[in-house]
Amino acid sequence: MFRLKKFLAPLLLSLLLLITACDSAPPSDFQQAQQESTQRGARAVDREAVAGGEFNKFFPRSQAGYEVVYAQEKKGFAEAKLKREGRDVAMLAVSDTVSNPEAAQKFANSTEQIQGYPVVAQGNTATALLVADRFQVKVLSRDPEFTEGDRKTWLGKFDLSGLARLK
Amino acid sequence: MSKPIFELVDELPTDNFTVKVLRGLDFVIPGQWNNLVGFKNTIREVTGETDADLIQQIGDRAVWLYNDKSQGYQRAMWLYQTVDRTDSALGAAALANKVGEKVPLLGFLSNITPKADKAQTIDLCLKLVVEVVAFCQINGIPGDSLGDFVRSLADYGGESLMRMSALVCLDALIPLGPDFIQKAQGMLGDLSPKELESNGTFSSIKDSIPGNNAAKKLDFIGQSFDSVQGWMGGFVRDRDLTPQKVTSNLTRFVEIADDKLDYLAAFLDMSTNYYEHTGTQTLARRLIERAVAEI
């Protein structure tokens, strides 16, 4: 009996530890963003951000086999799908980096320009351009046949100087 | 506080009764829906990016956007969840031990109360209105912009099109029959604002429906149905859909008696949450599309 008591407590304790250890899932990689973005006063979109609808008129028009279909229009952001023969081949987007200035920082390392505006490649599918140090224009491939060259061509089809005057 | 978006997407089931039913509707839109689950997985699939740092940046921005209440994503998620919430004891628990075997509908008959056509019509219309309102919240279009919504229906694909297919099949064709459009229009015409107000789902979501009183909200519901009925009729005609075709594709996992379609409809309503499931997938996709374009 004495022996049993001696072993029982540590046994139960280790069992408890084991159970609690298994029970708690590892924290998500997005936990930090979750915490920061739910603090009082936290905002993802700045009050000063330009309304998405303001950006629409600077998007490229549908042309020769391509159709531009507007998809999202939120504060500080507008996006359209670029379609060829009914299939999505790319996304076209304009966003106001006043909400997330770190997005504009990557252009400091830019070595390339389109119409005088700095251009950077991002990941495997995106090419971005910054207008007036504030508005980010991005083309994102949704079809492997839509190449980096195509992305640059379509960046140049936005009315970039018009967008620059929006500031 | 509401659940983080990454948890909602990570916790989407890979295979449960809802997923089985949706797979059973693959014949309606062949190959269009795959059950995409997991937050990082969704980021990879939507963006085509694989770099861990980039996925982290995209996910972080999506989390921030979702948590900014002014952006409307949480409201849209709440609508998808609320219009689909079952208050029945016959839910996941009762079906949990049935995964992998056929569900004998007859065994559940005593737990099921079929809905009257009027209640079913309200259900159908409220789900439709939630689609309109959630679409506008997610994509940033004014909440009563039916024209924009109807135009975009033509461009629906993936999980959004599956949600609409399930709406037509499970909440219209099976409970109301092949002439569901005329039937629902008739029912809506007879419906009084008072009757609408006594509906539990309506009470929960009424603040999100355009209109400053029940009569105006009923008008909006009617307008929504009218604007979408052409699309629904075309959808059924183009695919030659009938209640029998739909049920025969569900018999792989539910034992169905043809004369008990109203019971089947009520059973599916009580045992699935396809609006919440596919709504979460749609919202995650749009959020990630925005996040990757903004970072």
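Shown above is the structure to which this text applies.
Small disclaimer: the values here were computed from a predicted structure and weren't measured.

## Description of the overall build of chain B
Counting secondary structure elements, chain B contains 17 helices and two strands. In chain B, buried positions account for 45% of the 295 residues.

## Structural notes on the pairing of strand β7 (residues 135–141) of chain A
Residues and elements named next belong to chain A. Where burial is concerned, most of β7 is hidden: seven out of the seven residues are buried. Every second residue of β7 is oriented toward a common face, with Phe135, Val137, Val139 and Ser141 on one face and Gln136, Lys138 and Leu140 on the other, all of them buried. As defined by bridge partners, strand β6 (residues 126–131) adjoins β7 across six bridges and the pair is classed as antiparallel. Bridge pairing links Val131 to Phe135 in β7.

## So, the environment of Arg151(A)
Residue and element names in this part refer to chain A. Within the secondary structure, Arg151 sits in helix α4 (residues 148–155). Here Arg151 falls in the buried class, since 23 other C-beta atoms lie within 10 Å of it. For Arg151, the contacting residues outside a window of four places in its chain are Thr127, Val139 and Ser141.

## Some thoughts on the interface of chain A and chain B
Counting residues at the interface gives 29 residues for chain A, matched by 30 residues for chain B. Put simply, the parts of the chain that give the side of chain A that touches chain B at least two residues each are α2 (31–37), β1 (66–74), β2 (77–84), β3 (87–96) and β7 of chain A. Here the side of chain A that touches chain B takes five residues from β1(A), the largest share from any one element. Considering only residue class, the side of chain A that touches chain B consists of twelve nonpolar, eleven polar and six charged.

## Looking at the packing of helix α9 (residues 146–153) of chain B against helix α14 (residues 214–238) of chain B
Residue and element names in this part refer to chain B. Put simply, α9 and α14 touch, their axes get as near as 10 Å, and they point 20 degrees apart. Judged by the angle between their axes, α9 and α14 are roughly parallel. Seen from above, α9 lies across α14 with right-handed handedness. On α14, the residues touching Leu146, Val150 and Leu153 of α9 are Gln223, Ser224, Ser227, Val228 and Trp231.

## Describing the environment of Asp60(B)
When you line up the elements, Asp60(B) lands in helix α4 (residues 52–67). Note: C-alpha distance between Asp60(B) and Phe6(B) (54 residues apart in sequence) is 9.8 Å. What Asp60(B) contacts, discounting residues up to four positions off in sequence, is Phe30(A) and Ala33(A).

Thresholds, definitions, all that
- Residues numbered from 1 in each chain as written.
- Chains lettered and ligands numbered in written order.
- Predicted model: local features only at pLDDT ≥ 70, side-chain atom pairs only at ≥ 80, totals over all residues.
- Helix = DSSP H or I, 4+ residues; strand = E, 2+ residues; numbered from the N terminus.
- Buried ≥ 20, exposed ≤ 12 C-beta atoms within 10 Å, placed from the backbone.
- Pairing = 2+ DSSP bridges.
- Contact = placed C-beta atoms within 7 Å.
- Nonpolar A, V, L, I, M, F, W, Y, C, P; charged D, E, K, R; others polar.
- Axes fitted to C-alpha atoms, helices over the stretch in contact; angles between N-to-C directions.
- Parallel < 35°, antiparallel > 145°, perpendicular 65-115°, else oblique.
- Left-handed = near helix turned anticlockwise from the far one by under 90°.

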